[in-house]
Amino acid sequence: MTATLISFLFAIIILTVTPGFDTALVLRTSAAQGWRRASATAFGVTLGCLVWGVAVGVGLGALLLASEMAYNLLKWIGAAYLLWLGINLLLKPRTALQSADSDTRDSGGYLAFFSRGLLGNMLNPKVGVFYVTFLPQFIPAGASVPLWCSLMALTHMLIGLVWNALLIAGSHYFARQLRQPGVIKVMDRVTGCVFIGFAAKLALSRR
């Protein structure tokens, strides 16, 4: 049991620190919008992992693995969402950042960034398929599948929160230098290209 848990922790830590769309989204939000909105984005991203884990535990993940139609539907929705984000950043890059002090819509703003992180994770079927093929390897024989899937996904969420906190802390250090109008415009366009790349990668992916 101990060896199994250590193997799981090692694998999930490697998965968490491997750069991907979620990392790009959190880093960009931290540099451009500040650590509070980046934290909301990170919480949305990591909560998506927990939702996927619970879904896999109750059988939704197995449906994605078995049904090509269900997988492709969610895959194309996710790719379209990433493409929409990327095109908006390319065509409408900002030249100035909104001051946190003058923002009177903090709750709505945080909710929007939280939703962006959550949807970015939930609309990626590869997360669900990965959980279906990954988590069962670490479930003890005879144990409750829904319970263990949920606990392992919760562990993934907590590790993700710690990792994203480190990312946000590091990027926030350079935030002041990155707030110049020219830098903001270039950063938005580069990030837009990255998001479009992730959209293409997701659209072309196979189970």
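What you are looking at is a predicted structure, and each value in this text was computed from that prediction instead of being measured. (Residues numbered from 1 in each chain as written. Predicted model: local features only at pLDDT ≥ 70, side-chain atom pairs only at ≥ 80, totals over all residues. Heavy atoms only, no water.)

Explanation requested: the overall build of the protein chain in the structure shown.
Secondary structure summary: the protein chain contains nine helices and zero strands in total. Reading the helices (α) and strands (β) of the protein chain from amino to carboxyl end gives α-α-α-α-α-α-α-α-α. A separation of at least 24 residues holds for 87% of the contacts in the protein chain among residues at least 6 apart in sequence. As presented, the protein chain carries roughly 11,000 Å² of accessible surface, and 71% of it is formed by carbon and sulfur atoms. (Helix = DSSP H or I, 4+ residues; strand = E, 2+ residues; numbered from the N terminus. Contact = heavy atoms within 4.5 Å. Areas by Shrake-Rupley, 256 points an atom, 1.4 Å probe, with all protein chains shown as cover.)

Quick question: what am I supposed to make of helix 9 (residues 181–204) here?
Helical periodicity: at 3.6 residues per turn, an α-helix aligns residues three or four positions apart in one direction. Here helix 9 spans 35 Å end to end across 24 residues, near enough to the 34 Å set by a 1.5 Å rise per residue. Every buried residue belonging to helix 9 is among Ile 184, Met 187, Asp 188, Thr 191, Gly 192, Phe 195, Ala 199, Leu 202 and Ala 203, and all of these are buried. Elements in contact with the buried residues of helix 9: helix 2 (21–33), helix 5 (68–91) and helix 7 (125–134). (Expected span 1.5 Å × (residues − 1). Buried < 20%, exposed > 50% of the residue type's maximum accessible area, 1.4 Å probe, protein only.)

So what exactly am I meant to see when it comes to the environment of Leu 204 here?
When you line up the elements, Leu 204 lands in helix 9. The sequence separation of Leu 204 and Ala 79 amounts to 125 residues, and the corresponding C-alpha distance is 9.3 Å.

Please clarify how the nonpolar core should be interpreted in this entry.
Nonpolar side chains in soluble globular proteins tend to be buried together. Among the nonpolar cores identified, the biggest contains 30 residues, and Phe 8, Tyr 131, Leu 135, Met 152 and Phe 195 are the most heavily contacted of them. Contributing elements (two or more residues each) for this core: helix 1 (2–17), helix 2, helix 3 (35–57), helix 5, helix 7, helix 8 (145–173) and helix 9. By residue number, the principal contributor to this core is helix 5, which donates six residues. Setting aside its immediate chain neighbours within four residues, Phe 195 contacts Phe 21, Ala 24, Leu 25, Leu 82, Leu 85, Gly 86 and Leu 89. (Core = buried A, V, L, I, M, F, W, Y, C linked by side-chain atoms within 4.5 Å.)

Would you explain the packing of aromatic side chains in this entry?
Geometry of an aromatic ring pair is reported as the spacing of the ring centres plus the angle between the planes. Taken as a whole, this structure holds three aromatic pairs when the rule is applied. With a centroid separation of 6.4 Å and 25° between ring planes, the pair formed by Tyr 81 and Trp 84 is classed as stacked. On the criterion of helical spacing, the pair formed by Tyr 81 and Trp 84 is a turn pair, its members being three residues apart in helix 5. On the basis of relative accessible area, Trp 84 is assigned to the exposed category, the value being 52%. Taking the ring centre of Phe 113 as reference, the NZ or CZ of Arg 116 above it sits at 5.4 Å. (Phe/Tyr/Trp six-rings, centres within 6.5 Å; stacked < 30°, edge-to-face > 60°. Lys NZ or Arg CZ within 6 Å of the ring centre and 35° of its normal.)

Hey, could you run me through the UniProt feature "transmembrane region" (unreviewed entry) in the protein chain in this one?
Sites flagged by UniProt as "transmembrane region" (unreviewed entry) map to residues 6–27, 39–67, 73–91, 128–148 and 154–174. A helix fraction of 100% and a strand fraction of 0% characterise residues 73–91, whose end C-alpha atoms lie 27 Å from each other. Taken end to end, residues 128–148 is 52% helix and 0% strand, and its first and last C-alpha atoms sit 15 Å apart. (UniProt positions renumbered as here; feature names shortened; annotations may be inferred.)

Whenever I open this one, the packing of helix 2 against helix 3 confuses me. Can you help?
When two helices pack together, their arrangement is given by the angle between the helix axes and by the axis-to-axis distance. It is the contact of helix 2 with helix 3, at a shortest axis distance of 7 Å, that shows an interaxial angle of 160°. Compared by their axis directions, helix 2 and helix 3 come out roughly antiparallel. Read as a crossing pair, helix 2 and helix 3 show a hand that is right-handed. For the pair helix 2 and helix 3, the contacting residues are Asp 22, Leu 25, Val 26, Thr 29, Ser 30 and Gln 33 in the first and Trp 35, Arg 37, Ala 38, Thr 41, Ala 42 and Val 45 in the second. Partitioned by chemical class, the residues of the contact of helix 2 with helix 3 number six nonpolar, four polar and two charged. (Axes fitted to C-alpha atoms, helices over the stretch in contact; angles between N-to-C directions. Parallel < 35°, antiparallel > 145°, perpendicular 65-115°, else oblique. Left-handed = near helix turned anticlockwise from the far one by under 90°. Nonpolar A, V, L, I, M, F, W, Y, C, P; charged D, E, K, R; others polar.)

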